[in-house]
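The chain contents come next:
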Amino acid sequence: MKKHFLMALALMSVLATHAGKVVTDSIKSTVLNATVKYNIYLPDGFDKSQKKYPAVYLLHGFTDDYTAWRDKGQMQTIADELIESGEACEMIIIMPNAGGPDVMKTWNGYFNMPGWAYEDFFFQEFLPAVEQKYRAVGDKEHRAVMGLSMGGGGSTVYAQRHTDMFSSCYAMSAWLESDGGRQRQPGVDDKVYLVTKAVKEHSALDFLRNADDETLAKLRTVKWFFDCGDDDFLFDLSVNIHRLMREKHVKDELRIRNGIHNWEYWHQALRIALPFASRNFSGR
């Protein structure tokens, strides 16, 4: 018993000495005319090093914000463990804000909408500024995007529309298509309507259906992974995009596990997602 206790203490000590940290920062956006907060995970030794790191963009879901992966998703603990075990390489993990719980009054979503050009902000302002400040390698081969639900859909569409920017995409319980908000009244005061309409206009499934040969060739330069619980209400979307990928001869992976649309499922998904991104970084 004493031996096992000492071994546990030693393991805890090793993990503690190899712990990264999560820093909260912000960027003033001209595109959005707003200050946008974000969290970023920095691996152990970041402050003492001058080297550059691969970057993962980890997107939150609808009704959540940039704190969700840190506070609900256990991402720091998971990242520390995976890096320490060698299952994932040292990386920075960037968690931008794209929403909040007051969904009627708060902009939610990763796409351009009337009055809120978030995708323009992300690629023109946010990504370049964060990668320069936090020493990202800054190329396709060392950049990945992933997320859950709304963030899973955002990740997929970003990787579809910007194949030159990402080496891999891991979509968890992804919101890939919608009815366009038909059950709601159109209007700029109803931000739920606007994000639902934006998801329809940026349908990841329609993108594949309409892709020409040149676009499909570009999609094949990205590694794709879709992960959804068997009882998730968005289950059919992940299955359908996998079928479309096969039909279009774009290689992807589909993982169906026992689970629903909740953090218990996404905790396990992140343990698969970070090693997946790491394996697909150049030189791994």
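Residues numbered from 1 in each chain as written. Predicted model: local features only at pLDDT ≥ 70, side-chain atom pairs only at ≥ 80, totals over all residues. Heavy atoms only, no water.

Draft legend 1. Structural context of the environment of Gln124. Within the fold, Gln124 resides in helix 4 (residues 118-133). The class of Gln124 is exposed, set by a relative accessible area of 54%. The sequence separation of Gln124 and Val31 amounts to 93 residues, and the corresponding C-alpha distance is 8.7 Å. (Helix = DSSP H or I, 4+ residues; strand = E, 2+ residues; numbered from the N terminus. Buried < 20%, exposed > 50% of the residue type's maximum accessible area, 1.4 Å probe, protein only.)

Draft legend 2. Layout of the sheet that holds strand 2 (residues 34-42). Pairing in this open sheet of 8 strands is mixed, and the strands run 1-2-4-3-7-8-9-10 from one edge to the other. Either end of the sheet is taken by a strand with one partner, and the two such strands are strand 1 (21-29) and strand 10 (252-257). Taken over all neighbouring pairs, the strand axes of this sheet differ in orientation by 20° on average, direction set aside. By the bridge criterion, 5 bridges tie strand 3 (residues 55-59) to strand 7 (residues 143-148) in an arrangement that is parallel. Each residue of the ladder has a partner; that of Val56, found in strand 7, is Ala144. Helix-sheet contacts for helix 10 (residues 263-279) involve strand 3, strand 4 (92-96), strand 7, strand 8 (168-172), strand 9 (223-229) and strand 10, and the interaxial angle to strand 8 is about 170°. (Pairing = 2+ DSSP bridges. Axes fitted to C-alpha atoms, helices over the stretch in contact; angles between N-to-C directions. Contact = heavy atoms within 4.5 Å.)

Draft legend 3. Molecular detail of the nonpolar core. Among the nonpolar cores identified, the biggest contains 60 residues, and Tyr57, Ile92, Ile94, Tyr118, Phe126 and Trp224 are the most heavily contacted of them. In contact with Ile92, other than residues within four places in its own chain, are Ile40, Tyr41, Leu42, Pro43, Phe46, Tyr53, Pro54, Ala55, Val56, Tyr134 and Ala136. Core analysis: the second largest hydrophobic core is formed by 33 residues, Met95, Leu148, Phe225 and Phe281 among them. (Core = buried A, V, L, I, M, F, W, Y, C linked by side-chain atoms within 4.5 Å.)

Draft legend 4. Inspection of the packing of helix 3 (residues 75-85) against helix 10 at higher detail. Put simply, helix 3 and helix 10 touch, their axes get as near as 10 Å, and they point 40° apart. Relative to helix 10, the element helix 3 is oriented oblique. Read as a crossing pair, helix 3 and helix 10 show a hand that is right-handed. Contacts between helix 3 and helix 10 involve Met75, Ile78, Ala79, Glu81 and Leu82 from the former and His267, Leu270, Arg271, Leu274 and Pro275 from the latter. When its residues are assigned to classes, the contact of helix 3 with helix 10 shows 7 nonpolar, 1 polar and 2 charged. (Parallel < 35°, antiparallel > 145°, perpendicular 65-115°, else oblique. Left-handed = near helix turned anticlockwise from the far one by under 90°. Nonpolar A, V, L, I, M, F, W, Y, C, P; charged D, E, K, R; others polar.)

Draft legend 5. The pairing of strand 2, seen in detail. Summarising the sheet, strand 1 and strand 2 pair through 9 bridges and their orientation is antiparallel. By the bridge assignment for strand 2, Thr24 is matched with Asn39. In this structure, the hairpin formed by strand 1 and strand 2 is closed by a connection of 4 residues, where Asn33 is found at a positive phi of approximately 55°. One ladder, built from 4 bridges, connects strand 2 with strand 4; its direction is antiparallel. Looking at the pairing, Asn39 lines up with Met95 of strand 4.

Draft legend 6. Examining the pairing of strand 3 more closely. The buried count for strand 3 comes to 5 of 5 residues, which makes it a mostly enclosed element. In strand 3, alternate side chains face the same way, and those of Ala55, Tyr57 and Leu59 on one face and Val56 and Leu58 on the other are all buried.

Draft legend 7. Geometry of unusual backbone geometry. Backbone geometry places Asn33, a non-glycine residue, at a positive phi of 55°. Asn33 sits in the exposed class, given a relative accessible area of 72%. Phi at His249 is positive, roughly 60°, even though this residue is not glycine. Along the chain, the position of His249 falls in the loop between helix 9 (235-247) and strand 10.

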